[in-house]
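Structural features, examined
Single-letter residue listing:
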Amino acid sequence: MVRCPKCAVEVDVDEDEVEEGEILTCPECDAELEVVQTHPVHVNVISDQDEDDEDDDDEDDKDDDDKDDDDDDSDDDAEDIDDKAE
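Below is a summary of the structure that appears in this document. No experiment lies behind these values; they were computed from the predicted model shown. (Residues numbered from 1 in each chain as written. Predicted model: local features only at pLDDT ≥ 70, side-chain atom pairs only at ≥ 80, totals over all residues. Heavy atoms only, no water.)

**A word on the pairing of strand 5 (residues 41-46)**
Sheet topology note: the strand 4 (residues 32-38)/strand 5 ladder contains six bridges and is antiparallel. Its bridge partner being in strand 5, Glu 34 is matched across the sheet by Asn 44. Once strand 4 ends, the chain turns through two residues before running back antiparallel as strand 5. (Pairing = 2+ DSSP bridges. Helix = DSSP H or I, 4+ residues; strand = E, 2+ residues; numbered from the N terminus.)

Next comes the structure, spelled out in structure tokens:
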């Protein structure tokens, strides 16, 4: 027996009949579970949703880069104001 990391339901798995890298499906939440260890059995959730989250993180990084560019512009504005004061 192993518990689904996503919904905590017990998934019936015989450690002698499962192999590392094998994909199981949780009967409760339908999450895909990859066997990462066999003695004792340990699984990780794999799904398209996780990949989508990673893509969103990449987009967030791009947004952060854009913000950095905006910061550079504000420095230029400050220099313009200093020039006018002189």
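**Points about unusual backbone geometry**
Omega for the peptide link from His 39 to Pro 40 comes to -5 degrees, which places this bond in the cis form. The residue Pro 40 is located in the loop between strand 4 and strand 5 in this model. One non-glycine residue, Ala 8, lies in positive phi territory at about 70 degrees. Locating Ala 8 in the fold gives a position in the loop between strand 1 (2-3) and strand 2 (10-11). Take Ala 8: its relative accessible area is 41%, and that puts it in the partly exposed class. Positive phi outside glycine occurs at Asp 30, with the angle close to 65 degrees. Within the secondary structure, Asp 30 sits in the loop between strand 3 (23-25) and strand 4. (Buried < 20%, exposed > 50% of the residue type's maximum accessible area, 1.4 Å probe, protein only.)

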